Structure formats: C-alpha cells, structure tokens
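As a plain string of letters, each chain reads:
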Amino acid sequence: MNHELESKCLDLVENYRILQEDNKLEFTEMLMACAGLYLAAGKKPDPERLQACKKLLKSKAGIFSNFRGTDELLVRCKMALAEDPELYFENLEREYQLLKTFFSGEQTVLAAMILAEQGDTGELAEKTKQIYKEMKEAHPWLTSESDLPFAALMAVSGKEASAVYAEAEEIYALLKDKLHAESDAKQMLSHILAIRGGSADTKCEKLSALAESLKTAGHSLGRGSRLAMLGLLGDSGLPTDALVDQICETDEFLKQYKPFKGLFGLSRESRRMFAVQMVNASRPGEDSLGASAMMAASVELTIITMILMMIIVSSTASTHASSH
C-alpha cells in the first residue's frame with residue numbers, strides 16, 4: 001500500500017475515534033460517514049465546536065424537526081465545518097424549504113446540504129426538482145426520496161439538467177445488461193456516473209469490470225446500494241487491475257482498526273465502501289480536497305443514510321411485532 005493511501009486510512013480511523021468519544025450512542029455507520037466528511041474537507045473534528053453547534057441547532061430546530069433526526073450528527077458536522085455555522089444552517093433551512101414535500105425526511109435534508117454549499121439562490125433547487133421529476137417519470141417504481149440527493153448532485157455538476165439526466169438514462173440502459181446488481185443500485189450508479197467525465201460506454205465498461213474483478217478477488221461490495229460507491233472510479237485513468245489491487249489492500253488494512261474489526265464491526269460490504277472512498281481520495285491527479293472528494297463524501301452519506309433508515313424501519317417493525 002502506498003504512503004498516501006495508508007495516510008488517508010489512518011486519518012479516517014482517527015476522525016472516527018474523535019467523533020465516537022462524544023457520540024457513543026450514535027450509529028457506527030453515521031460516525032464513519034461523518035469521519036469521511038472530515039477527511040474530504042481535510043480537517044479534524046473539533047469536539048468543542050461540535051458541542052457549540054449542537055446547542056445552536058437545538059435553538060434553531062425543534063426536537064421533531066428532520067434536522068434533529070437520524071441526520072443530526074451530520075448537520076452538526078456540516079455546521080462545524082462551515083466558517084459561519086449559523087449562516088450555514090440558515091442556508092440549509094432555506095434549501096430544505098425549497099425542496100420539501102409532505103413526505104420529506106432525511107434524504108431531503110441531504111439534498112439541501114448539497115445545495116446549501118453552493119450559495120444557491122433557488123435556481124439549483126429548481127434544477128434539482130426538474131431532474132427528480134424526470135427520474136420519477138422514467139422510473140416511477142424505482143424513484144423515491146432517496147434519489148433526491150443524487151438529483152442535487154446532478155444539478156450542481158455544471159451540466160444542463162436535461163443533458164445530464166439523458167446521460168444517466170443512457171447509462172442505466174447500458175448497466176441493465178452489463179452489471180449483476182439490484183435495480184436500485186443500477187439507478188444510483190447511473191446518477192453517479194452521469195456526473196463523472198468520459199463517455200457513457202467507457203464508464204459502464206470500467207464499472208462492470210471493477211465490480212466483476214472485485215467479486216473474483218473476494219472483495220465484492222455486494223449487489224445492493226453499497227455497490228454505488230464504485231461509480232466514483234468509473235472515470236479513473238488507472239487500469240482496472242491496479243484499482244482492484246488498491247481496493248483489496250485498503251480493505252485488508254482497514255480490518256485492523258475499529259470499527260471495522262470484530263464481531264460487532266461494520267459489515268464487509270460497508271468496509272469496502274470506505275475502502276473505495278480512500279482509493280478515490282488518493283488516486284493520482286484527484287482533487288482530494290475539492291469538489292470530487294466532497295462528492296464522494298456526499299454519495300457515501302446518501303447510501304449510509306438509506307441503510308440506516310432501513311435498519312430503523314426493520315427494528316421498529318420487529319419491536320412492534322414482538323409486542324403483540
């Protein structure tokens with residue numbers, strides 16, 4: 001493993017340790033996602049600043065607010081990373097109000113976060129809604145609120161709304177035949193790959209080869225939503241074999257550290273998702289402290305929030321069933 005990649009992994013683990021100290025009841029997945037957010041920003045978590053942001057958030061949002069739900073730690077981290085936490089929250093709340101519907105929840109908060117960082121004045125929110133509408137019309141049964149953050153990422157990509165979504169549809173059609181994955185994962189991948197550079201054919205070939213090679217090597221990300229992280233490497237100039245070697249090395253390296261090791265550590269697929277983020281952040285020529293790194297963190301946060309919501313729903317259903 002090269003020095004840059006090892007350094008990124010150690011920084012991620014240290015960020016997790018700092019965050020976990022004051023948030024012991026938080027979901028491990030969310031702690032790790034926030035650790036990845038700090039890594040993308042090139043900063044270390046500051047417990048005192050996070051505590052101040054916690055008080056500020058409580059003064060701004062009621063206990064039943066979506067800003068105080070599963071995403072509360074994420075909101076506090078985003079506030080803490082901002083130069084002016086109060087102004088950041090005001091921007092976040094404005095974007096949320098522009099995007100929200102009756103059914104809005106944590107994924108709408110994530111979409112609003114992506115827009116809030118752009119200094120948006122409403123134009124990007126409208127673009128996000130336009131892209132989401134096209135998603136819904138094309139795939140009414142597949143599309144849900146969980147796709148809204150990807151619509152926001154597509155909106156801030158700099159590409160024209162219809163053009164970026166047309167490419168996503170082209171990619172989805174290609175992946176239907178090339179990739180063994182769940183339909184939701186293919187749709188998420190189509191959104192991520194549409195944002196990256198290069199032709200649709202080339203990106204799909206790269207992605208499919210990566211997924212298959214990782215499976216052969218015994219380091220698969222599965223067939224579900226975690227597989228979508230591979231989309232970040234769809235435009236990589238590195239050969240597939242080199243990327244696979246790096247992901248496998250990183251996966252093995254992370255196994256030594258909490259929260260990746262032990263019976264109660266994160267799942268293998270989740271660990272490999274973070275391995276992909278580390279490889280993406282350290283690849284030659286990558287803007288590791290810029291837009292690409294933050295996009296990687298946003299993709300990861302979206303996937304993890306989806307996973308956490310499924311865990312919460314299934315836990316609630318089990319509790320309800322056992323009480324009858």
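Details of the structure are given in the entry above.
Analysis parameters
Residues numbered from 1 in each chain as written. Predicted model: local features only at pLDDT ≥ 70, side-chain atom pairs only at ≥ 80, totals over all residues. Heavy atoms only, no water. Helix = DSSP H or I, 4+ residues; strand = E, 2+ residues; numbered from the N terminus. Rg over C-alpha atoms; globule rule 2.2 N^0.38 Å. Buried < 20%, exposed > 50% of the residue type's maximum accessible area, 1.4 Å probe, protein only. Contact = heavy atoms within 4.5 Å. Salt bridge = Lys/Arg side-chain N within 4 Å of Asp/Glu carboxyl O. Axes fitted to C-alpha atoms, helices over the stretch in contact; angles between N-to-C directions. Parallel < 35°, antiparallel > 145°, perpendicular 65-115°, else oblique. Left-handed = near helix turned anticlockwise from the far one by under 90°. Nonpolar A, V, L, I, M, F, W, Y, C, P; charged D, E, K, R; others polar. 1 Å grid on protein atoms, 1.4 Å probe; cavity = no way out; pocket = protein on both sides within 12 Å on 5 of 7 lines; lining within 4 Å. Points joined across faces, edges and corners; volume = space filled by probe spheres on them. Core = buried A, V, L, I, M, F, W, Y, C linked by side-chain atoms within 4.5 Å. Disulfide = S-S within 2.5 Å. Polar contact = N/O pair within 3.5 Å; in protein donor to acceptor, adjacent residues only side chain to side chain. Phe/Tyr/Trp six-rings, centres within 6.5 Å; stacked < 30°, edge-to-face > 60°. Expected span 1.5 Å × (residues − 1). Arc of directions from axis to C-beta.

> Looking at this model, I keep getting lost on the overall build of the protein. Mind explaining?
In terms of helices and strands, the protein carries 14 helices and zero strands. If you list the helices and strands of the protein from N to C, you get α-α-α-α-α-α-α-α-α-α-α-α-α-α. Scaling as 2.2 N^0.38, a compact globule of 324 residues should have a C-alpha radius of gyration of about 20 Å, and the protein matches this with 19 Å. Principal axes of the C-alpha set define a box for the protein whose edges measure 50 × 50 × 45 Å. Buried residues in the protein amount to 54% of all 324 residues. Of all intrachain contacts in the protein linking residues separated by at least 6 positions in sequence, the fraction that spans at least 24 positions is 72%.

> Could you clarify how one ought to interpret unusual backbone geometry in this entry?
The phi angle of most residues is negative, glycine excepted, and most peptide bonds adopt the trans form. The linkage connecting lysine 258 with the following residue, proline 259, adopts the cis geometry, with an omega of 5°. Here proline 259 is to be found in the loop between α12 (240-254) and α13 (268-282).

> Any chance you could explain the pattern of salt bridges here in plain terms?
Two side chains with opposite charge may pair up if their charged atoms get near one another. Using the criterion set out here, one finds 16 salt bridges in the structure. A salt bridge links glutamate 117 to lysine 78, with the shortest nitrogen-to-oxygen separation between them at 2.3 Å. Note that glutamate 117 is positioned in the loop between α6 (106-116) and α7 (123-138) and lysine 78 in helix α4 (residues 72-81), a separation of 39 residues in sequence. Given a relative accessible area of 39%, glutamate 117 falls into the partly exposed group. Owing to a relative accessible area of 6%, lysine 78 belongs among the buried residues under this scheme.

> Teacher, can you tell me more about the packing of α12 against α13 here?
Each packed pair of helices is defined by two parameters, the angle between the axes and the distance between the axes. Look at α12 against α13: their axes get within 9 Å of each other, and the N-to-C directions meet at 125°. One finds that α12 runs oblique with respect to α13. In this structure, α12 crosses over α13, and the sense of that crossing is right-handed. Of α13, the residues touching α12 (which contributes Leu243, Gln246, Ile247, Thr250, Asp251 and Leu254) are Arg271, Arg272, Phe274, Ala275, Val276, Met278 and Val279. Taken together, the residues of the contact of α12 with α13 break down into eight nonpolar, two polar and three charged.

> What exactly am I supposed to notice about empty space enclosed by the protein here?
Think of a ball as big as a water molecule: rolled over the atoms, this probe shows where empty space is left. Taken as a whole and assessed by the stated rule, the structure comprises three cavities of 30 Å³ or more. Quantified by volume, the largest cavity comes out at close to 50 Å³. Along the walls of the largest cavity sit Lys78, Leu110, Met113, Ile114, Ser298, Leu301 and Thr302, which together make up its complete lining. For the lining of the largest cavity, the residue count by class is four nonpolar, two polar and one charged.

> Explanation requested: the nonpolar core in the structure shown.
In a soluble, globular protein the nonpolar side chains are often hidden away together inside. Ranked by size, the top nonpolar core spans 105 residues in total, and within it Phe67, Val75, Leu92, Ile131, Leu230, Phe274 and Val299 carry the most contacts. Aside from chain neighbours lying at most four places away, what touches phenylalanine 67 is Leu57, Ala61, Glu72, Val75, Phe89, Leu92, Glu93, Tyr96 and Val109.

> Help me understand the state of the cysteines in this model?
Disulfides are covalent bonds that connect the sulfur atoms of two cysteines. One pass over the full model with this rule turns up zero disulfides. Distance from the sulfur of cysteine 9, which forms no disulfide, to the nearest cysteine sulfur (cysteine 248) is 13 Å. Using a relative accessible area of 0% as the deciding quantity, one classes cysteine 9 as buried. Cysteine 34 supplies the cysteine sulfur nearest to cysteine 77, a cysteine that is in no disulfide, at a spacing of 3.9 Å. The exposure class of cysteine 77 is buried, given its relative accessible area of 0%.

> Any chance you could explain the side chain of threonine 143 here in plain terms?
Counting through the fold element by element, threonine 143 comes out in the loop between α7 and α8 (148-155). Of the residues examined, threonine 143 reaches a relative accessible area of 3% and is grouped as buried. Among the polar contacts listed, one links the side chain of threonine 143 to the backbone oxygen of histidine 139, at a separation of 2.9 Å. The contacts of threonine 143, once residues within four sequence positions are left out, are Tyr132, Met135, Lys136 and Gln187.

> Sorry, what's going on with the packing of aromatic side chains here?
Within a pair of aromatic rings, the relevant descriptors are the distance that separates the centres and the angle that separates the planes. Here the structure, examined in full by the defined rule, presents four aromatic pairs. A ring pair is formed by phenylalanine 67 and phenylalanine 89, whose centres lie 5.1 Å apart and whose planes are at 70°; its orientation type is edge-to-face. Of this pair, phenylalanine 67 sits in the loop between α3 (47-60) and α4 while phenylalanine 89 sits in helix α5 (residues 85-99), and the two are 22 residues apart along the sequence. Just as phenylalanine 67 is buried, phenylalanine 89 falls in that class too.

> What exactly am I supposed to notice about helix α9 (residues 161-178) here?
At 3.6 residues per turn, the α-helix brings residues three or four places apart onto the same side. Under the 1.5 Å per step criterion, the end-to-end length of α9 is 26 Å for 18 residues, consistent within 8% with the ideal 26 Å. Within α9, burial applies to Ala161, Val164, Tyr165, Glu167, Ala168, Ile171, Tyr172 and Leu175. In an axial view of α9, the angular spread of the buried residues amounts to 150°, which keeps them on one side of the axis. In α9, the exposed residues that point more than 90 degrees away from the buried face are Lys176 and Asp177.

> What is the right way to read the environment of phenylalanine 274 from this model?
Within the secondary structure, phenylalanine 274 is located in helix α13. Along the primary structure phenylalanine 274 and leucine 12 are separated by 262 residues, whereas in three dimensions their C-alpha atoms are 9.1 Å apart. Excluding residues that lie within four positions of it along the chain, phenylalanine 274 makes contacts with Leu12, Met32, Ala33, Leu254, Phe260, Leu266, Glu300 and Ile304.

Without other data, these values stay purely geometric and don't point to any function.
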